[in-house]
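Read off the chains here:
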Amino acid sequence: MLLSCSDKKGTTPIPIPVPSTEQPAAQPVPVPKPVVSTNVSNDPGFKLIEGADCLACHKIDTKLIGPSYQDVAAKYTKTDVDQLAQKIIDGGKGNWGDIPMTPHEGISREDAKQMVKYILSLKK
Ligand code: HEC
């Protein structure tokens, strides 16, 4: 008995994809956007604060030993710059509690004012 079942293999060649040797155009490296953080600033006043011991007791947005700079900014205005600069140099307590701020006699009046201006710029 003859079976007519075809055992003929398909002769159609399977197309083999030829890998392209051409590389896609190089993607430009994305420039990361500067991360906006309240704890980093290029403000000259911040640089002075960073270079002094202020950040041991003050943080920008949370109370540490001293009030947060945002709290200071909320309490005062530009007319208080002189008084606050003097307080940084002399130290003192009473406005926020019984813990005193250490005096900073080595800081010039101009630098202290620059620091205060930066602190007040944090007003929300
Ligand atoms: C030893 C911890 C300490 C250091 C260091 C320190 N502070 Fe203070 N700061 C305090 C405390 C505590 C107060 C709250 C004083 C008060 O109750 O009147 C304060 C208050 C302040 C105030 C508000 C003053 C007021 O009368 O409301 C400013 C502005 C300030 N500090 C800036 C600075 C700057 C700028 C530096 C760095 C040069 C600095 N502090 C370093 C502890 C510190």
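Conventions we followed
- Residues numbered from 1 in each chain as written.
- Predicted model: local features only at pLDDT ≥ 70, side-chain atom pairs only at ≥ 80, totals over all residues.
- Axes fitted to C-alpha atoms, helices over the stretch in contact; angles between N-to-C directions.
- Helix = DSSP H or I, 4+ residues; strand = E, 2+ residues; numbered from the N terminus.
- Parallel < 35°, antiparallel > 145°, perpendicular 65-115°, else oblique.
- Left-handed = near helix turned anticlockwise from the far one by under 90°.
- Contact = placed C-beta atoms within 7 Å.
- Nonpolar A, V, L, I, M, F, W, Y, C, P; charged D, E, K, R; others polar.
- Near = placed C-beta within 6 Å.
- Buried ≥ 20, exposed ≤ 12 C-beta atoms within 10 Å, placed from the backbone.
- Arc of directions from axis to C-beta.

Novice: Tell me what's going on with the packing of helix α1 (residues 44-51) against helix α4 (residues 109-120), and back it up with residues and numbers.
Specialist: Contact geometry of α1 with α4 gives a least axis separation of 7 Å together with a crossing angle of 110°. In terms of orientation, α1 and α4 fall into the roughly perpendicular class. Relative to α4, the crossing made by α1 is left-handed. Here Pro 44, Gly 45, Phe 46, Leu 48 and Ile 49 of α1 lie close against α4, whose contacting residues are Asp 111, Gln 114, Met 115, Lys 117 and Tyr 118. Grouping the constituent residues of the contact of α1 with α4 by class yields six nonpolar, two polar and two charged.

Novice: Any chance you could break down the site of the ligand for me, citing the residues and the numbers?
Specialist: Inspection of the region around the ligand gives 28 residues, with Cys 54, Cys 57, Gly 66, Trp 96 and Met 101 positioned closest. The set of elements that each furnish at least two residues to the shell around the ligand consists of α3 (81-90) and α4. Of the residues belonging to the shell around the ligand, the class tally is 17 nonpolar, eight polar and three charged.

Novice: Quick one: what's the story with α3, residue by residue and with numbers?
Specialist: All of the buried residues along α3 are Leu 84, Ala 85 and Ile 88. Burial along α3 is one-sided: seen end-on, the buried residues are contained in an arc of 100°. Opposite its buried face, α3 presents the exposed residues Gln 83 and Asp 90, each directed more than 90 degrees away. On its buried face, α3 sits against α4. Of the residues flanking the end of α3, it is Gly 91, one or two places downstream, whose phi is positive at about 75°.

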